[in-house]
Amino acid sequence: MANTCCTPAPKTSFLVTLWRDHRVWLASLVIFTLLVIFDRVQASASLDKVWVSLLHTAPYLLLSIGIAAWAGASDADGLIAKAFTGTPALMIFLGAVAGGFSPFCSCGVIPLIAALLAMRVPLSAVMAFWLASPVMDPSMFFLTSGVLGFEFAIAKTIAAVGLGLFGGWSVHLLSGTAALRDPLKEGVGGGCGASTAQGTKPVVWAFWKDADRREKFTKEAIKTTLFLAKWLILAFLLESLMLAWIPAEMVTQALGGTGVGPIAVATFVGVPAYLNGYAALPLIGGLIEQGMAPGAGLAFLVAGGVTSLPAAIAVWALVKPKVFGLYIALSLSGAFMAGVLFQVWQMV
């Protein structure tokens, strides 16, 4: 028998390697190239949309990237994970409340989510934080109050925390399944050697005084930035095309009416038709003035915020398909229940 232990791996072609390692960048490049060839006006508009969206999310992205890189360089990642230890009920509750009141957007929170999952923080607590985070934040609360009223803003905040609790407990009940034991995709996060809450190292707060730690911080920040950039550019590019090619009248017709039916429709229409947290508010305000059920408006905002293209693509890039599917299912069912409950409250 021939000795195969040292047989070199078969070589792959340049195109295969290029597609395997850079397919997300290539997809964005191909889409933009086609736009330049066939519709230069839309190409310019899409480029502006991508740039403005990146600028809008930049403060949150830079903050979350910095925190994630700092946690790894200072060995504070285990300390952060330790904050999520305790009984499942406490962890899920804290995750949902922190997500509902955090200033992070659905994209900016991705580095923190990756770090927490890599540190083996229970997926139930992370999911609670993850689902609640994109629905509400302090600035969104005040804007919602101004556009849709204080009662609607309170309802949306309760929906954010409630969605986190619902998602966290659902994942906790399913935690024994094989699909949820290792949620991160290969090459994302710290892998098997990541720090855990049970085995923390002494924290070196002033990590910049050590050359190796400075290098680790830089490498982690660059890696996370490139990872986010490739997915967010593609997401914002697709979002620009969706906004340009899906008429607003179609959304208005789909979301009109009262009863449980429009709430269900609004839940699913929110997935492809959601603009963004700020632009969607005037649309919903106008629809409610035209007779749409407030519960349908809440369902649209909650479902759209969690499953919008940038958010969904970021989640897809991070976790395995089954976990992604669970994320979407929890988002839609939770948004529908939030809409129904708010509608019942309006009728009391």
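The rules behind the values
- Each chain has its residues counted from 1, following the order in which its sequence is written.
- Reporting of local features is limited, given that this is a predicted model, to residues whose pLDDT is at least 70; pairs of side-chain atoms are given and counted only at 80 or more, and all residues count toward the totals for whole chains, interfaces and linings.
- To obtain the side-chain values, all non-hydrogen atoms of the structure were used and water was disregarded.
- Here a strand is any run of E in DSSP of at least two residues, a helix any run of H or I of at least four, and the numbering for each starts at the N terminus.
- Residue contacts are defined here by distance: any two heavy atoms, one from each residue, within 4.5 Å place the two residues in contact.
- Computed with a 1.4 Å probe, the accessible areas rest on the Shrake-Rupley method; for each residue, only the protein chains presented here act as cover.
- Salt bridge, as applied in this entry: a Lys or Arg side-chain nitrogen positioned within 4 Å of an Asp or Glu carboxyl oxygen.
- Whether a residue is buried, partly exposed or exposed follows from its accessible area with a 1.4 Å probe, protein chains only, as a fraction of its type maximum: under 20%, in between, or over 50%, in that order.
- pLDDT is a per-residue confidence score from the predictor, ranging from 0 to 100.
- Patch definition: residues above 30% relative accessible area lacking any salt bridge, with like charges linked at up to 9 Å and the nonpolar side chains Val, Leu, Ile, Met, Phe, Trp and Tyr linked at up to 5 Å.
- Structural elements are reduced to axes, namely lines fitted to C-alpha atoms, with helices fitted over the stretch in contact, and the angle between N-to-C directions of any two is expressed from 0 to 180 degrees.
- With respect to orientation, any angle under 35 degrees is reported as roughly parallel, any angle over 145 as roughly antiparallel, any angle of 65 to 115 as roughly perpendicular, and every other angle as oblique.
- Each crossing gets its hand from how the near helix is turned against the far one by less than a right angle, where anticlockwise is left-handed and clockwise is right-handed.
- Classification convention: Asp, Glu, Lys, Arg as charged; Ala, Val, Leu, Ile, Met, Phe, Trp, Tyr, Cys, Pro as nonpolar; all other residues, Gly among them, as polar.
- Helix span, as expected, comes to 1.5 Å for every residue beyond the first.
- For this analysis, a ring pair means two rings from Phe, Tyr or Trp (six-membered ring only for Trp) whose centres lie within 6.5 Å, classed as stacked if their planes differ by under 30 degrees, edge-to-face if by over 60, and tilted for the remaining angles.

Caption draft 1: Inspection of the overall build of the chain at higher detail. Assigned secondary structure in the chain consists of 15 helices and zero strands. A sequence separation of at least 24 residues applies to 84% of the contacts in the chain between residues at least 6 apart. As displayed, the chain offers around 17200 Å² of accessible surface, 71% of which is attributable to carbon and sulfur atoms.

Caption draft 2: Up close: the pattern of salt bridges. One pass over the structure, following the stated rule, counts one salt bridge. Its salt-bridge partner being Glu215, residue Lys219 comes within 3.1 Å of it at the nearest N-O pair. Of this pair, Lys219 and Glu215 both sit in helix 9 (residues 211-245), four residues apart, which is roughly one turn of the helix. You can call Lys219 exposed: its relative accessible area is 53%.

Caption draft 3: Representation of the confidence of the model for the chain. Scored by pLDDT, the chain comes out at a mean of 78, with 76% of its residues at no less than 70. Confidence, read as mean pLDDT per element, is least for helix 3 (residues 77-82) in the chain (63) and greatest for helix 8 (residues 150-173) (93).

Caption draft 4: Here's a closer look at a nonpolar patch on the surface. A cluster of nonpolar side chains, Val30, Leu34, Ile37 and Phe38, forms an exposed patch at the surface whose accessible area comes to about 450 Å². Residue position: Val30 is located in helix 1 (residues 14-38). Residue classification places Val30 among the partly exposed residues on the basis of a relative accessible area of 47%.

Caption draft 5: Spotlight on the packing of helix 8 against helix 15 (residues 321-347). In the contact formed by helix 8 and helix 15, the axes pass within 9 Å of each other and the chain directions differ by 140°. The angle between the axes of helix 8 and helix 15 places the two elements in the oblique class. In the packing of helix 8 onto helix 15, the handedness of the crossing is right-handed. Note on element contacts: helix 15 touches helix 8 through Leu326, Leu330, Ser331, Ser333, Gly334, Ala335, Met337, Ala338, Phe342, Trp345 and Gln346, opposite Glu151, Phe152, Ala155, Ala159, Leu163, Phe166, Gly167, Ser170 and Val171. By residue class, the composition of the contact of helix 8 with helix 15 is 13 nonpolar, six polar and one charged.

Caption draft 6: Up close: helix 6 (residues 123-132). Counting buried positions along helix 6 yields 10 of 10 residues, so the element is predominantly enclosed. Turning to helix 6, its buried residues number three or more, namely Leu123, Ser124, Ala125, Val126, Met127, Ala128, Phe129, Trp130, Leu131 and Ala132.

Caption draft 7: Highlighting helix 4 (residues 88-101). Compared with the 20 Å implied by 1.5 Å per residue over 14 residues, the 20 Å span of helix 4 between its first and last C-alpha is a close match. Considering only its buried residues, helix 4 is in contact with helix 6 and helix 8.

Caption draft 8: Geometry of the environment of Leu332. Tracing the chain through its elements places Leu332 in helix 15. C-alpha separation for the pair Leu332 and Phe268, spaced 64 residues apart in sequence, amounts to 7.2 Å.

Caption draft 9: Just the side chain of Gln42, in detail. Locating Gln42 in the fold gives a position in helix 2 (residues 40-74). With sequence-adjacent residues up to four places away left out, Gln42 is seen in contact with Leu35, Ser240, Leu241, Ala244 and Trp245.

Caption draft 10: The arrangement of the packing of helix 4 against helix 6 in detail. Their axes nearest at 7 Å, the elements helix 4 and helix 6 cross at an angle of 20°. Classified by the angle between their axes, helix 4 and helix 6 sit roughly parallel to one another. For the element pair helix 4 and helix 6, the recorded crossing hand is right-handed. Counting all contacts with helix 4, which are made through Met91, Ile92, Gly95, Ala96, Ala98, Gly99 and Gly100, the residues of helix 6 involved are Ser124, Ala125, Ala128, Phe129 and Ala132. Taken together, the residues that form the contact of helix 4 with helix 6 break down as eight nonpolar, four polar and no charged.

Caption draft 11: Region of interest: the packing of aromatic side chains. What the rule picks out here adds up to seven aromatic pairs. Their ring planes at 50° and their centres at 5.6 Å tell us that Trp130 and Tyr327 sit as a pair that is tilted. Pair noted here: Trp130 is in helix 6 and Tyr327 is in helix 15, with a separation of 197 residues, a long-range link. Across the pair, exposure class does not vary: Trp130 and Tyr327 are buried alike. Ring geometry for Trp316 versus Phe324: centroids 5.2 Å apart, planes at 80°, classification edge-to-face. Note on Trp316: relative accessible area 34%, which makes it partly exposed. Each member of the aromatic cluster is reached from another via a ring pair, and the members are Phe141, Phe142 and Phe150.

Caption draft 12: Looking closely at the environment of Ser170. One can find Ser170 in helix 8. Residue Ser170 is classed as buried on the basis of its relative accessible area of 17%. Between the C-alpha atom of Ser170 and that of Ala128, which follows or precedes it by 42 residues, the distance is 9.6 Å.

Caption draft 13: Representation of the environment of Leu180. Looking at where Leu180 falls in the secondary structure, it is placed in the loop between helix 8 and helix 9. What makes Leu180 buried here is its relative accessible area of 10%. Distance from Leu180 to Leu123, taken between C-alpha atoms, is 7.6 Å for residues 57 residues apart in sequence. Those residues in contact with Leu180 that lie beyond four places of it in its chain are Leu123, Val171, Leu174, Ser175, Val323 and Leu326.

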